[in-house]
Amino acid sequence: MGVVRSDHGPEVDVVIPPVIEVFLRALLLSKKEGAPEIGVDHLLAALATPTTESKPAEQATGPYVPIPHQDKVFSTEAKGAIEAACALVPCDLERLTIDFLRTALVAARRDRTK
């Protein structure tokens, strides 16, 4: 799980569920590719990307530059796979495991190639 250091003090860390890390990596992969949405292939590639441990970044002191809002929707196929993974467990992002997500994504890719 990733840890994000908070501005609320040195003792407050926010733990990022592994599935959210996968979603973030998939977002970055889809942006790099210029894709209009996050697809099953982006999610599978994000699962294959090793997680790297990094040291917390130093808090910037400014000046701050605004950046545009950055988000993308999941493709219909990816959304269906995530919903299928959620059907395997009572779904919230804390309980959805990488293994359940991977199983659903592989099944979605297999169904697409039939």
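What comes next concerns the included structure. Predicted model only: the values in this text are computed from it and were never measured.

So, how was this worked out
Residues numbered from 1 in each chain as written. Predicted model: local features only at pLDDT ≥ 70, side-chain atom pairs only at ≥ 80, totals over all residues. Heavy atoms only, no water. Helix = DSSP H or I, 4+ residues; strand = E, 2+ residues; numbered from the N terminus. Buried < 20%, exposed > 50% of the residue type's maximum accessible area, 1.4 Å probe, protein only. Contact = heavy atoms within 4.5 Å. Areas by Shrake-Rupley, 256 points an atom, 1.4 Å probe, with all protein chains shown as cover. Phe/Tyr/Trp six-rings, centres within 6.5 Å; stacked < 30°, edge-to-face > 60°.

It is worth spelling out the overall build of the chain at this point. On a plain count of helices and strands, the chain comes out with four helices and two strands. Helices (α) and strands (β) of the chain occur, in sequence order from the N terminus, as β-β-α-α-α-α. Counting the 114 residues in the chain, one finds 28% classified as buried. A separation threshold of at least 6 residues defines the contact pool for the chain, and within that pool the share at least 24 residues apart is 58%. Accessible surface, the chain as shown: approximately 8,200 Å² in total, 59% of it carbon and sulfur.

Moving on, we come to the packing of aromatic side chains. Counting across every chain of the model gives one aromatic pair. Arranged with centres 5.1 Å apart and planes meeting at 65°, the rings of F23 and F74 form a pair that is edge-to-face. Of this pair, F23 sits in helix 1 (residues 18–33) while F74 sits in the loop between helix 2 (40–48) and helix 3 (76–88), and the two are 51 residues apart along the sequence. Overall, F23 belongs to the buried group, its relative accessible area being 13%. You can call F74 partly exposed: its relative accessible area is 29%.

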